[in-house]
Amino acid sequence: MASVTYESVTKQFGDVKAVNDLNLDIKDKEFLVLVGPSGCGKTTALRLLAGLEEISSGNIKIGERIVNDVAPKDRDIAMVFQSYALYPHMSVYDNMAFGLRLRKTPKTEIDRRVKEAAGILGIGELLQRKPKQLSGGQRQRVALGRAIVREPKVFLMDEPLSNLDAKLRVQTRAEISKLHQRLETTFIYVTHDQTEAMTMGTRIAVMNFGLLQQLDTPQHLYDFPANKFVAGFIGSPAMNFFDAKITGARDDLKIDAGSFQLPAPANRRDKLAPYIGKDVTMGIRPEDVHDSDYIPGQMSTSVIGAQVDVMEPMGSEIYLYLLSGKHSFIARVDPRSQGRPGKKLDVAINLDHVQFFDKQTEQAIR
């Protein structure tokens, strides 16, 4: 088992910095998720750790050992790829055993490890099949099994679920989480899917344009995003953003969004006071916009008028696409809501959860 440390790691391709001064300390036995949009540098960061790309500057450590110049096969890591990368002419057993045979592991030990991994993953009856005889989910389990038999210090996973259908993705997501708990090994997992990140990671590192935006637990990331990018990336549907101006006096601040006005949340007045007369960005998550007839529990709210543009019934809730003056935004409301396209609806904003961001820096105002 081992920790992983990125110390001011930069990877440059020509004039482009794919990873820019990345500092990251991943704890032993942690499940860390690197998440961000395509091209943000997350896969490059993983490949640098695996030794598949050369570092431009900085150091990567596995445990206490700097591995910049260590060959990939000697880093004691195992990687699971998006494409599975199975040998089509080999059986499942041989695919899982291949790396151990290269290392001249004794046959009895290979047999023990392969059968143990197959048992963990529930693919014991598939060991004599070829990859073409397997479903996508079964192939993914074989790829995981090939990594498990290595008994590495660190597991690296590069978007391993992206080729699976939605139902199988949810199922395999849970299996990987259970696998982490069982193996008690360091997992580093790359994805562009924020739902995967939120449900699997003990901590999440959000990246954009090669830069680490925020490193935190899933709930803290959701409740206290460091900047507008993180706030908009984490959460589904995405956070609603409004251009607004802070008006009024210190003890009676208002948030003027043009087509509607909200009182400043009591717990944010001190931080917003320096912005009186200035423009800010206000963020409200869809789940904090309620049909005023169905407000769950006790919360500090302010009611505004809106018109329903589109309705998406989801069974346990309804997504309403709303219009209020120049603003369009999404609400996740109670399934009993009578909001229908073309109708007016009063919606209640949960003021306790409203977020504010500096207009220039896009950093959170706290």
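Refer to the preceding data block for the structure.
A few points on the structure. (Residues numbered from 1 in each chain as written. Predicted model: local features only at pLDDT ≥ 70, side-chain atom pairs only at ≥ 80, totals over all residues. Heavy atoms only, no water.)

**Some remarks on the overall build of the chain**
(1) Moving on: Helix and strand counts for the chain stand at nine helices and 20 strands.
(2) Moving on: By the burial criterion, 49% of the 366 residues in the chain qualify as buried.
(3) Moving on: Per element, the accessible surface of the chain, about 17000 Å² overall, is 48% carbon and sulfur.
(4) Moving on: The average position of the 48 basic charges and that of the 45 acidic charges among the side chains of the chain differ by 6 Å. (Helix = DSSP H or I, 4+ residues; strand = E, 2+ residues; numbered from the N terminus. Buried < 20%, exposed > 50% of the residue type's maximum accessible area, 1.4 Å probe, protein only. Areas by Shrake-Rupley, 256 points an atom, 1.4 Å probe, with all protein chains shown as cover. Lys, Arg positive; Asp, Glu negative; His and termini not counted. Charge placed at Lys NZ, Arg CZ, Asp CG, Glu CD.)

**Topic: unusual backbone geometry**
(1) Moving on: The omega torsion of the bond from Ser236 to Pro237 falls at -5°, within 30 degrees of zero and hence cis.
(2) Moving on: Residue placement: Pro237 occurs in the loop between helix 8 (228-233) and strand 11 (240-249).
(3) Moving on: For Tyr84, which is not glycine, the phi torsion reads 75° and is therefore positive.
(4) Moving on: Here Tyr84 falls in the buried class, since its relative accessible area comes to 8%.
(5) Moving on: In this structure, Glu362 takes a positive phi of about 65° despite not being glycine.

**Examining the side chain of Asn350**
(1) Moving on: Within the secondary structure, Asn350 sits in strand 19 (residues 344-350).
(2) Moving on: Since its relative accessible area comes to 4%, Asn350 is described here as buried.
(3) Moving on: For Asn350, the side chain forms a polar contact with the main-chain nitrogen of Asp352, separated by 3.1 Å.
(4) Moving on: Once residues lying within four places of it in the same chain are set aside, the contact partners of Asn350 are Asp288, Met299, Ser300 and Thr301. (Polar contact = N/O pair within 3.5 Å; in protein donor to acceptor, adjacent residues only side chain to side chain. Contact = heavy atoms within 4.5 Å.)

**Re helix 3 (residues 107-121)**
(1) Moving on: Helix length check: helix 3 (15 residues) gives 21 Å between terminal C-alpha atoms against 21 Å at 1.5 Å per residue, within 8%.
(2) Moving on: Regarding helix 3, the residues found buried are Ile110, Arg113, Val114, Ala117, Ala118 and Leu121. Each buried residue of helix 3 sits inside an arc of 130° when the element is viewed along its axis, so together they form one side. Those residues of helix 3 that are exposed and angled more than 90 degrees off the buried face are Thr108 and Gly119.
(3) Moving on: On the buried face of helix 3, the contacting elements are helix 2 (92-102), helix 4 (136-148) and helix 5 (166-183). (Expected span 1.5 Å × (residues − 1). Arc of directions from axis to C-beta.)

**A short note on the packing of helix 2 against helix 4**
(1) Moving on: It is the contact of helix 2 with helix 4, at a shortest axis distance of 8 Å, that shows an interaxial angle of 30°. Accordingly, the angle class assigned to the pair helix 2 and helix 4 is roughly parallel. For the element pair helix 2 and helix 4, the recorded crossing hand is right-handed. Contacts from Val92, Asn95 and Met96 of helix 2 reach helix 4 at Val142, Gly145 and Arg146.
(2) Moving on: Of the residues contributing to the contact of helix 2 with helix 4, the split by class is three nonpolar, two polar and one charged. (Axes fitted to C-alpha atoms, helices over the stretch in contact; angles between N-to-C directions. Parallel < 35°, antiparallel > 145°, perpendicular 65-115°, else oblique. Left-handed = near helix turned anticlockwise from the far one by under 90°. Nonpolar A, V, L, I, M, F, W, Y, C, P; charged D, E, K, R; others polar.)

**Thoughts on the nonpolar core**
(1) Moving on: Counting 44 residues, the largest nonpolar core has Met96, Val114, Ile176 and Tyr189 as its most contacted members.
(2) Moving on: Non-local contacts of Val114, meaning those with residues more than four positions away in its chain, are made with Tyr93, Met96, Ala97, Leu127 and Val149.
(3) Moving on: Counting 31 residues, the second largest nonpolar core, distinct from the first, contains Val280, Ile284, Ile304 and Leu351. (Core = buried A, V, L, I, M, F, W, Y, C linked by side-chain atoms within 4.5 Å.)

**Topic: the pattern of salt bridges**
(1) Moving on: Here the structure, examined in full by the defined rule, presents 19 salt bridges.
(2) Moving on: With a shortest N-O distance of 3.4 Å, Lys73 and Asp74 are connected by a salt bridge.
(3) Moving on: Judged by relative accessible area, which is 59%, Lys73 ranks as exposed.
(4) Moving on: Overall, Asp74 belongs to the partly exposed group, its relative accessible area being 40%.
(5) Moving on: Between Asp243 and Lys359 there is a salt bridge whose closest N-O contact spans 2.3 Å. You can see Asp243 sitting in strand 11 and its partner Lys359 sitting in the segment after strand 20 (355-358), a full 116 residues away along the chain. (Salt bridge = Lys/Arg side-chain N within 4 Å of Asp/Glu carboxyl O.)

**Quick notes on the sheet that holds strand 5 (residues 65-66)**
(1) Moving on: Read across the sheet, four strands follow the order 2-1-4-5 without closing on themselves; strand pairing throughout is antiparallel. Edge positions in the sheet fall to strand 2 (16-26) and strand 5, since each has one partner strand and no second.
(2) Moving on: With five bridges joining them, strand 1 (residues 4-13) and strand 4 (residues 57-62) adopt antiparallel strand pairing. Each bridged residue has a counterpart across the sheet, and for Val4 the counterpart in strand 4 is Ile62.
(3) Moving on: Most of the contacts of helix 1 (residues 42-50) go to strand 1, to which it runs at about 115°, and overall it touches strand 1, strand 2 and strand 4. (Pairing = 2+ DSSP bridges.)

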